[in-house]
Amino acid sequence: MSIDASLKAFEEAENLIPGGVNSPVRAFKSVGGTPIFITEGEGAYLKDIDGNKYVDYVQSWGPLLFGHRDETIEAAVIEAVKHGLSFGAPTVAETELAELVVSYFDSIDKVRFVSSGTEAVMSAIRLARGFTGRDDIVKFTGCYHGHSDALLVEAGSGAATFGNPSSPGVPADFTKHTLLATYNDIESVKKCFADSDNIACVIIEPIAGNMGLVPADKEFLVQLRELCDANGTLLIFDEVMSGFRGSINGAESITGTKPDIVTLGKVIGGGMPVGAFGARAEIMSMLSPEGPVYQAGTLSGNPVAMAAGYAALSKLKQNAQVLSVLNARALRLVQGMQKEAHSCGITMQIDTRGSMFGFFFNEKPVKNFEDATHSDAELFAKFHAAMLEEGFYFACSLYETGFISTAVTDEMIEDTIKASAKVFKAITNG
Ligand code: HOZ
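Not measured: the values here are computed from a predicted model.

Novice: Any chance you could explain the nonpolar core here in plain terms?
Specialist: What tends to happen in soluble globular proteins is that the nonpolar side chains get buried as a cluster. Ranked by size, the top nonpolar core spans 112 residues in total, and within it Tyr57, Val101, Phe113, Phe140, Leu224 and Phe383 carry the most contacts. Looking at which element gives the most residues to this core, the answer is helix 11 (residues 303-318), with nine residues. Residues in contact with Phe383, not counting those within four places in the same chain, are Met337, Phe359, Phe361, Phe394, Ser420, Val423, Phe424 and Ile427.

Novice: Quick question: what am I supposed to make of the packing of helix 12 (residues 322-343) against helix 15 (residues 410-428) here?
Specialist: The relative placement of two packed helices is expressed as an angle between their axes plus a distance between the axes. Helix 15 packs onto helix 12 with a crossing angle of 20 degrees between their chain directions and a minimal axis gap of 9 Å. In this view, helix 12 runs roughly parallel relative to helix 15, as classed from their interaxial angle. Regarding helix 12 and helix 15, the two cross each other, and that crossing is right-handed. On helix 15, the residues touching Arg329, Arg332, Leu333, Gly336, Met337, Glu340 and Ala341 of helix 12 are Asp410, Ile413, Glu414, Thr416, Ile417, Ser420, Ala421 and Phe424. In terms of residue class, the contact of helix 12 with helix 15 is built from seven nonpolar, three polar and five charged.

Novice: Please clarify how the site of the ligand should be interpreted in this entry.
Specialist: Near the ligand the following residues occur: Ser23, Arg26, Trp61, Tyr144, Ser157, Asn210, Met241 and Glu400. A distance of 2.8 Å separates an oxygen atom of the ligand from a polar side-chain atom of Arg26. Contacts to the ligand include Trp61, whose side-chain N or O atom sits 3.3 Å from an oxygen atom. Isolated, the ligand exposes 290 Å² of accessible area, and the fraction of that covered by the protein chains is 85%. Split by residue class, the shell around the ligand holds three nonpolar, three polar and two charged.

Novice: How should the pairing of strand 14 (residues 356-360) be read in this particular structure?
Specialist: Of all the five residues making up strand 14, five are buried; the element is thus mostly covered by neighbouring parts of the structure. Burial of strand 14 is two-sided: the residues Met356, Gly358 and Phe360 facing one way and the residues Phe357 and Phe359 facing the other way are all buried. Of the strand pairs in this sheet, strand 13 (residues 349-353) and strand 14 are connected by five bridges, and their pairing is antiparallel. By the bridge assignment, Gln349 is partnered in strand 14 with Phe360. Taking the residues between adjacent antiparallel strands as the criterion, strand 13 and strand 14 are bridged by two residues, where Gly354 takes a positive phi near 55 degrees. With two bridges joining them, strand 14 and strand 16 (residues 402-403) adopt antiparallel strand pairing. Of the residues in strand 16, the one forming a bridge with Met356 is Phe403.

Novice: I'm lost on the side chain of Asn52 in this one. Help?
Specialist: Note on placement: Asn52 falls in the loop between strand 2 (45-48) and strand 3 (53-56). Taking relative accessible area as the criterion, Asn52 reaches 13% and is therefore assigned buried. Apart from residues no more than four positions distant in its own chain, Asn52 is found in contact with Met1, Ser2, Ile3, Leu46 and Lys47.

Novice: Explain helix 7 (residues 186-195) here, please?
Specialist: An α-helix turns once per 3.6 residues; consequently, residues spaced three or four apart project the same way. Within helix 7, burial applies to Ile186, Ser188, Val189, Cys192 and Phe193. Buried positions in helix 7, seen along its axis, are confined to an arc of 160 degrees and lie on one side of it. Of the exposed residues in helix 7, the ones pointing more than 90 degrees away from its buried face are Lys191, Ala194 and Asp195. Where helix 7 begins, the side chain of Asp185 points an oxygen toward the backbone nitrogen of Glu187, at a separation of 3.1 Å.

Novice: Hey, could you run me through the sheet that holds strand 14 in this one?
Specialist: The pairing of strands in a sheet comes from backbone hydrogen bonds and takes either a parallel or an antiparallel form. Judged by pairing direction, the sheet is antiparallel, and its three strands sit side by side in the order 13-14-16 without closing on themselves. In this open sheet, the two edge strands, each paired with only one partner strand, are strand 13 and strand 16. Those strands touched by helix 12 are strand 13 and strand 14, and its axis lies near 175 degrees from that of strand 13.

Novice: Help me understand the packing of aromatic side chains in this model?
Specialist: Pairs of aromatic rings are described using the distance from one ring centre to the other and the angle between the two planes. Under the criterion given, the structure shown has 20 aromatic pairs. Plain terms: the ring middles of Phe28 and Tyr393 are 6.4 Å apart, the flat faces sit at 50 degrees to each other, and that makes the pair tilted. With Phe28 in the loop between helix 1 (4-16) and strand 1 (38-42) and Tyr393 in strand 15 (residues 392-393), this pair connects stretches of sequence that are 365 residues apart. These aromatic residues form a ring-pair network of at least three members: Tyr57, Phe357, Phe359, Phe361, Phe380, Phe383, Phe394 and Phe424. Between Lys317 and the ring centre of Tyr104, over which it is positioned, the NZ or CZ distance is 5.2 Å.

Novice: Can you help me understand the sheet that holds strand 6 (residues 178-181) in this one?
Specialist: Across the sheet, which stays open at both edges, the seven strands sit in the order 4-12-11-10-7-5-6 with mixed pairing between neighbours. One side of each edge strand has no neighbouring strand; the edge strands of this open sheet are strand 4 (110-114) and strand 6. Between one strand axis and the next, the sheet turns through 20 degrees on average, direction left out of account. Note that strand 5 (residues 136-140) and strand 7 (residues 199-204) share three bridges and pair parallel. Residue pairing in the sheet places Asp136 in a bridge with Ile199 of strand 7. Across the sheet, helix 4 (residues 117-132) is in contact with strand 4, strand 5, strand 7, strand 10 (234-239), strand 11 (261-264) and strand 12 (275-279); its angle to strand 11 comes to roughly 165 degrees.

Novice: Teacher, can you tell me more about the pattern of salt bridges here?
Specialist: Close approach of charged atoms allows side chains with opposite charge to pair. Following the criterion strictly, the structure yields 17 salt bridges and no others. One salt bridge in this structure joins Lys190 and Glu187, with 3.4 Å as the shortest N-O distance. In this pair, Lys190 and Glu187 both sit in helix 7, three residues apart, roughly one turn of the helix. Accessibility expressed as a relative area gives 37% for Lys190, which makes it partly exposed. Between Asp217 and Lys367 there is a salt bridge, with its nearest N and O atoms 2.7 Å apart. Of this pair, Asp217 sits in the loop between strand 9 (214-215) and helix 8 (218-231) while Lys367 is found in the loop between strand 14 and helix 13 (369-373), placing the two residues 150 residues apart along the sequence.

Rules behind the numbers
- Residues numbered from 1 in each chain as written.
- Predicted model: local features only at pLDDT ≥ 70, side-chain atom pairs only at ≥ 80, totals over all residues.
- Heavy atoms only, no water.
- Core = buried A, V, L, I, M, F, W, Y, C linked by side-chain atoms within 4.5 Å.
- Buried < 20%, exposed > 50% of the residue type's maximum accessible area, 1.4 Å probe, protein only.
- Helix = DSSP H or I, 4+ residues; strand = E, 2+ residues; numbered from the N terminus.
- Contact = heavy atoms within 4.5 Å.
- Axes fitted to C-alpha atoms, helices over the stretch in contact; angles between N-to-C directions.
- Parallel < 35°, antiparallel > 145°, perpendicular 65-115°, else oblique.
- Left-handed = near helix turned anticlockwise from the far one by under 90°.
- Nonpolar A, V, L, I, M, F, W, Y, C, P; charged D, E, K, R; others polar.
- Near = heavy atom within 4 Å.
- Polar contact = N/O pair within 3.5 Å; in protein donor to acceptor, adjacent residues only side chain to side chain.
- Areas by Shrake-Rupley, 256 points an atom, 1.4 Å probe, with all protein chains shown as cover.
- Pairing = 2+ DSSP bridges.
- Arc of directions from axis to C-beta.
- Phe/Tyr/Trp six-rings, centres within 6.5 Å; stacked < 30°, edge-to-face > 60°.
- Lys NZ or Arg CZ within 6 Å of the ring centre and 35° of its normal.
- Salt bridge = Lys/Arg side-chain N within 4 Å of Asp/Glu carboxyl O.

As structure tokens, this is what we get:
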């Protein structure tokens, strides 16, 4: 397989764009490779500028639940474009998408749209602080909530991938209100509450996808809810990744625990830049112009993005059973690969939630970020490179999650498992 054109394109990009990419993980650095430059996507496939074709298990890092160029979403976008790209004024499309989102989540009466997950979470934190009149927040090591200052503390995703989970450029003064706890460890959260009586919110990815896939234990979330209630603290579920993926409404229905605020992104935009945060009316009414907590955006509720999101979410609503089909495929994929790994003497930890899947080359189950860091990164890099050669595009960092779209067939899953068998044998034979 030749990737000469990608190599050249990357060299040119590096001269003009820091690291050659507009989002760090894409640079393939943690797997020691060169990013593949994409020309187009079609269903389950990605095509690169050298003419290679890959089964895509990244799906733009989550948004493309229905695969590339889904006909319904594409048609909705084209129709919306014909009426104008942006108005900076209200459209009915915003209310329609809001109605859909509210219909999915018990905990959401009202929702506000923004343009990214980072923006959604940043705004949700401000709202929680404004609502409670408190300053401190609790986050979990290894959870990633976008790149805003107060949340870029011991963060997962690219921050973990590149070994600077707390970024230079973030003044200590800006993070002094961010308290850290250990994922799936309620004692560590109790310690935060013992240390501060000023905690506005606890924010968690209830299905963590930015330290690899590490779902929170049900009991842990129940205890978290109780602790928040006992302390007058809001519980924020960051479902930017897991919303509409983990289940139709993310963790809420899987775990039975209801958050106070939910943040959303990725699938909600059907591939266009959309983020959102929502909560019960009492909390949302604190938001400007109804209340005093300020938040705004020129491209918020953009009509083309709203059209894409509406098409994606209404398609999901009409095909709600699709997530269990995708989960069966995700499970078949990771179980199949695990079996092949095992037969080569490699231990692989696996998990799935809805259309999300994760695996670690790790001797022990992974319950938190510290566990994830004990995974075999070298083996992951070899696996990633060899699978790419075989035509399978996996996330290029062990601190990310895999995604199955409806365009991925059972046959593709079987082909992936077969390729993994070849790859594991080649790796273990040196
Ligand atoms: N933060 C994203 C993964 N969790 C990466 C986004 C991108 O590089 O496109």
